[in-house]
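Structural overview for review
Spelled out from the first residue to the last, the chains are:
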There are 2 protein chains.
Amino acid sequence: MSRHSGVNRATIKQVARLSGVSIKTVSRVINGAVYVSAQTRRSVTDAINRLNYRPNALARGLVTRRSRSIGLVIADIVNPFFPPFVRSVEDAAAARGYNVILCDTDEDRGRERAAISLLLEKQVDGLILCASRLPAAFLMAVADSGILLVLVNRVLRHPRAAAVVVDAAEGGRRATAHLLDLGHRRVAYLSGPATSFSHIGRLRGYRQALDARGIAFDPEIVAGGAASIVAGGEAAAKLMSLKRPPTAIFAFDDLMAIGAMEDLRRQGRRVPGDVAVVGFDDIDMAAFVAPPLTTVAQPKAEMGRLAAARLLEMIKTSSPPSPRTVTLTPELIIRRSCGWYKEAAT
Amino acid sequence: MSRHSGVNRATIKQVARLSGVSIKTVSRVINGAVYVSAQTRRSVTDAINRLNYRPNALARGLVTRRSRSIGLVIADIVNPFFPPFVRSVEDAAAARGYNVILCDTDEDRGRERAAISLLLEKQVDGLILCASRLPAAFLMAVADSGILLVLVNRVLRHPRAAAVVVDAAEGGRRATAHLLDLGHRRVAYLSGPATSFSHIGRLRGYRQALDARGIAFDPEIVAGGAASIVAGGEAAAKLMSLKRPPTAIFAFDDLMAIGAMEDLRRQGRRVPGDVAVVGFDDIDMAAFVAPPLTTVAQPKAEMGRLAAARLLEMIKTSSPPSPRTVTLTPELIIRRSCGWYKEAAT
DNA sequence: CTGTTAGCGCATTCAC
DNA sequence: GTGAATGCGCTAACAG
């Protein structure tokens, strides 16, 4: 066994020797270049196969200044929102010969910073940051250093940054309006992580919908703080113990909504009979819980596809993205957790 | 803007010049080496910060022959089995300064081959292959080329390969025995992908449990072929249209089980009243569907943690893994999809 | 404690 | 059409 793990890794030099041509010629056939006689090409490819030669992407990247890898920074792959998203960026990347290096941050700024730093050292050609929690100044500095950025559900004004966002406020408005249309007047909001831009947008939409009906915003029926099933359950428990509990709940995401429904059931309350619930994201599970969850769908796969396509395009042309931001509109999926819906007047 | 995307990437040479020491000294402080005077170290770190210098991992890897990246090849991150698994390998890798490059194969041999090839070019220090579908001879060749391998739910006799497996046959036996204990005599099996080692093992366990009670195996009540909700629904529909439909179903995985329950409900059959159902994996959703699904749990996070730990250890010591294979035992989680369970005699 | 000299594997001017 | 020489950014002997 030679020095490290590599045992018989052939180099371009060996291929050149075996096929009796120069290194440059080998390089030409590898990179599909023109101007190589069919015969030469054949003898080279033969040698490549005989030696089981594989170009070293590290060496190649060092000289071309391109790694053909992109970094993907997300909160937590275990959150069902992410798999479809990740999957579609991966497919788009793979289709163009790119690899994706995945990093979870758990919404922790320190971890996010560390992940970005490592990714930069690895010379990724670009970065997709999903719902980054980092200060804009920091992200600006990152972009200044020359890397290409695509943000998801957040924007950044920088010539090397683009964004894919879904209109969170619109989603919040639709969810809340739906509940209001059903006749509810006391609609609670289960808040997500305080620093999340999505949370801020959804909360804004919630308030706007309330305003539009002349219903006062009541901070007492806003609870939560973390996007998880247990956090949703706890928040629901807290809300239902109020003197004037809500009759409907709009949750920051499906996980919280499911936790809330779980807790409601434990308390002997019926959904939607006693309390109506709306979630956000439309994760796969939403259609299978009992009752099936009404929710605001984010086009997860489309978001991933777009984010990757934009980044790859920026890498290819090394020109600023245009338009800088593309905005997607979330859609209300009506299932059973809010009761029967009689096309009410708005 | 300089040639490519990099704008002001400082090099070690610039750091050396600015801090007035040699390149080697800079290299020493970066790599936390000993033998650098405190003063020199300070002036170097100052220069590093001033220039916002970041070592180029490509260049470093080229000479050290270590990329500090590992490749993770899975079937599909959208399958809920994988996120907890992926997450825990990532955490383990990140804790040691490693990155993970994720590749989905959709259980397609061609894609798996392509992914491995790309990963090898990228000079990953090791590979985690989850339920690889590739011929053993191919994997042997891959390992022969010098790369370190950890297989999940599959074994390979090679000095550079280790494995983490959960005892699929045992899982199949437990699931089937549970149904038999409940009094069922006509238990169907919803098969997974034919080439999957997990499927083969679970099927074997199913047959063994049947044998142990002297019940004949009936190929008529084995259907399926793909691990998905819709495939599960279709297979269930097919089974229930038989002249002698089963009274219980053991599904290859939870997704198929959920699809089956969905279809059963659509047909007006009750679970567990008319048909009992057992799944496999214990995905998060399993606890929240109606009725909550009884299933055989695979320790997903533990599997990921172990796989990563083993690989990282092999990379560090470049010595063969020991023991070559670690086997985990799956556990039956009894919920509501099989009806009331009265601790029957086995 | 620190600097000098090579060279990792590859792509790229230039010649021929 | 093809070859020889140069260097990407970094670490590793080996001196001093």
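Residues numbered from 1 in each chain as written. Chains lettered and ligands numbered in written order. Predicted model: local features only at pLDDT ≥ 70, side-chain atom pairs only at ≥ 80, totals over all residues. Heavy atoms only, no water.

In this section: the protein's contact with DNA strand D. In the vicinity of DNA strand D, 26 residues are found, and the nearest of them are Thr-40 and Arg-65 of chain A together with Ile-12, Tyr-53 and Arg-60 of chain B. Backbone atoms, meaning sugar and phosphate, make up 69% of the atoms of DNA strand D lying within 4 Å of the protein. Between a phosphate oxygen of DNA strand D and a side-chain N or O atom of Tyr-53 of chain B, the distance comes to 2.4 Å. One of the side-chain N or O atoms of Arg-60 of chain B is found 2.7 Å from a phosphate oxygen in DNA strand D. Of all the elements, helix H4 (residues 57–64) of chain B adds the most residues to the surface near DNA strand D, at 4 residues. A breakdown of the residues in the surface near DNA strand D according to their chemical character gives 11 nonpolar, 9 polar and 6 charged. (Near = heavy atom within 4 Å. Polar contact = N/O pair within 3.5 Å; in protein donor to acceptor, adjacent residues only side chain to side chain. Helix = DSSP H or I, 4+ residues; strand = E, 2+ residues; numbered from the N terminus. Nonpolar A, V, L, I, M, F, W, Y, C, P; charged D, E, K, R; others polar.)

Our focus in this paragraph is the domain arrangement of chain A. Partitioning chain A into domains gives domain 1 (12–64), domain 2 (69–167 + 300–329) and domain 3 (168–297). The straight-line distance from the C-alpha centre of domain 1 of chain A to that of domain 2 of chain A is 34 Å. (Domains from an automatic or database assignment.)

All right, on to the packing of helix H1 (residues 12–19) of chain B against helix H3 (residues 38–51) of chain B then. Residues and elements named next belong to chain B. One can describe the packing of H1 onto H3 by two numbers: an axis separation of 9 Å at closest approach and a directional angle of 125 degrees. The orientation of H1 with respect to H3, classified from their angle, is oblique. Viewed along their axes, H1 and H3 form a crossing whose handedness is right-handed. Here Gln-14, Val-15, Leu-18 and Ser-19 of H1 lie close against H3, whose contacting residues are Ser-43, Val-44, Ala-47, Ile-48, Arg-50 and Leu-51. The residue inventory of the contact of H1 with H3, partitioned by class, reads 6 nonpolar, 3 polar and 1 charged. (Axes fitted to C-alpha atoms, helices over the stretch in contact; angles between N-to-C directions. Parallel < 35°, antiparallel > 145°, perpendicular 65-115°, else oblique. Left-handed = near helix turned anticlockwise from the far one by under 90°. Contact = heavy atoms within 4.5 Å.)

This part takes up the sheet that holds strand S12 (residues 331–333) of chain B. Residue and element names in this part refer to chain B. The strand order S7-S6-S8-S9-S10-S12 describes an open sheet built from 6 strands, whose pairing is mixed. In this open sheet, the two edge strands, each paired with only one partner strand, are strand S7 (222–224) and S12. Geometrically, the sheet is characterised by an average inter-axis angle of 25 degrees between neighbouring strands, direction not taken into account. Examined bridge by bridge, strand S6 (residues 187–191) and strand S8 (residues 248–251) share 4 bridges and lie parallel to one another. Across the sheet, the residue bridging to Leu-190 is Ala-251, located in S8. Where helix H8 (residues 168–181) meets the sheet, its contacts fall on S6, S8, strand S9 (276–281), strand S10 (294–297) and S12, and the angle it forms with S9 comes to roughly 165 degrees. In the packing of helix H11 (residues 254–266) onto the sheet, the strands contacted are S6, S7, S8, S9 and S10, and the crossing angle to S9 comes to about 155 degrees. (Pairing = 2+ DSSP bridges.)

Here we take up the interface of chain B and chain A. Counting from both sides, the interface comprises 65 residues of chain B and, opposite them, 65 residues of chain A. Summed over both sides, the interface of chain B with chain A buries roughly 5,700 Å², with 55% coming from carbon and sulfur. In terms of surface lost to chain A, no three residues of chain B exceed Leu-58, Arg-87 and Phe-288 of chain B, which account for 13% of the buried area on that side. We note a salt bridge from Arg-87 of chain B to Asp-106 of chain A, for which the minimum N-O separation is 2.6 Å. (Buried area = accessible area lost by both parts, 1.4 Å probe. Salt bridge = Lys/Arg side-chain N within 4 Å of Asp/Glu carboxyl O.)

Time to look at empty space enclosed by the protein. If you walk through the whole model with that rule in mind, you get 4 cavities of 30 Å³ or more. By volume, the largest cavity amounts to about 210 Å³. Lining the largest cavity are 15 residues; nearest its centre among them are Val-78, Pro-80 and Pro-83 of chain A together with Pro-80 and Pro-83 of chain B. Residues of the lining of the largest cavity, tallied by class, amount to 13 nonpolar, no polar and 2 charged. Here the second largest cavity is characterised by a volume of approximately 150 Å³. Elements with a minimum of two residues in the lining of the second largest cavity: helix H4 (57–64) of chain A together with H4 of chain B. Tallied by class, the residues present in the lining of the second largest cavity amount to 7 nonpolar, 4 polar and 2 charged. (1 Å grid on protein atoms, 1.4 Å probe; cavity = no way out; pocket = protein on both sides within 12 Å on 5 of 7 lines; lining within 4 Å. Points joined across faces, edges and corners; volume = space filled by probe spheres on them.)

Mapped onto the fold, Gly-146 of chain B is located in the loop between helix H7 (136–144) and strand S4 (148–152). When the C-alpha atoms of Gly-146 of chain B and Asp-125 of chain B are compared, they prove to be 9.7 Å apart, with 21 residues separating the residues in sequence.

Residue and element names in this part refer to chain A. Summarising burial for strand S2 (residues 99–104): 6 of the 6 residues are buried, a large majority. By the alternation rule, side chains of S2 split into Asn-99, Ile-101 and Cys-103 and Val-100, Leu-102 and Asp-104, which are all buried. Bridging between strand S1 (residues 69–74) and S2 involves 6 bridges; their strand directions are parallel. Along S2, the bridge assignment pairs Ile-70 with Val-100. (Buried < 20%, exposed > 50% of the residue type's maximum accessible area, 1.4 Å probe, protein only.)

Residues and elements named next belong to chain B. For the pair helix H2 (residues 23–30) and H3, the least separation of the axes is 10 Å and the interaxial angle reads 90 degrees. Classed by the angle they form, the pair H2 and H3 counts as roughly perpendicular. When H2 is examined against H3, the residues Thr-25, Val-26, Val-29 and Ile-30 are found in contact with a partner set consisting of Thr-40, Arg-41, Val-44, Thr-45 and Ile-48. Tallied by class, the residues present in the contact of H2 with H3 amount to 5 nonpolar, 3 polar and 1 charged.

This part is about the confidence of the model for chain A. Residues with a pLDDT of 70 or more make up 95% of chain A, whose mean pLDDT is 91. The low-confidence segment residues 1–6 of chain A (pLDDT under 50) makes 12 contacts with residues lying over four places distant or belonging to another chain. (pLDDT = per-residue confidence, 0-100.)

Below, the discussion takes up H4 of chain A. Turning to H4 of chain A, its buried residues number three or more, namely Ala-57, Leu-58 and Gly-61 of chain A. Buried residues along H4 of chain A cover an arc of 100 degrees about the axis, so they all sit on one side. Considering only its buried residues, H4 of chain A is in contact with H4 and helix H6 (109–121) of chain B. Backbone nitrogen of Leu-58 of chain A and a side-chain oxygen of the N-cap are separated by 2.7 Å at the start of H4 of chain A; the cap is Asn-56 of chain A. (Arc of directions from axis to C-beta.)

Moving on, we come to the protein's contact with DNA strand C. The local shell around DNA strand C holds 25 residues, among which Ile-12, Lys-24 and Tyr-53 of chain A together with Thr-40 and Arg-65 of chain B are the closest. Sugar and phosphate atoms form 67% of the subset of DNA strand C atoms that lie within 4 Å of the protein. At a separation of 2.6 Å, a phosphate oxygen of DNA strand C approaches a polar side-chain atom of Thr-25 of chain B. A distance of 3.1 Å separates a base oxygen of DNA strand C from a polar atom in the side chain of Arg-28 of chain B. Elements with a contribution of two residues or more to the surface near DNA strand C: helix H2 (23–30) and H4 of chain A together with H2 and H4 of chain B. When residues of the surface near DNA strand C are assigned to their parent elements, the largest contribution, 4 residues, is made by H4 of chain A. Residues belonging to the surface near DNA strand C are distributed by class as follows: 10 nonpolar, 9 polar and 6 charged.

The subject of this paragraph is the pattern of salt bridges. All names here are of chain A. Per the counting criterion, the structure on display carries 34 salt bridges over all chains. Between Arg-87 and Asp-91 there is a salt bridge; the shortest N-O distance is 3.1 Å. One end of the pair is Arg-87 and the other is Asp-91, both in helix H5 (residues 82–95) and 4 residues apart, which spans about a single turn. Its relative accessible area of 8% is what places Arg-87 among the buried residues. For Asp-91, a relative accessible area of 30% translates into the label partly exposed. Linking Arg-133 and Glu-107 is a salt bridge whose minimum nitrogen-to-oxygen distance equals 3.4 Å. Of this pair, Arg-133 sits in the loop between strand S3 (126–130) and helix H7 (136–144) while Glu-107 is found in the loop between S2 and helix H6 (109–121), placing the two residues 26 residues apart along the sequence. Residue classification places Arg-133 among the buried positions, given a relative accessible area of 8%.

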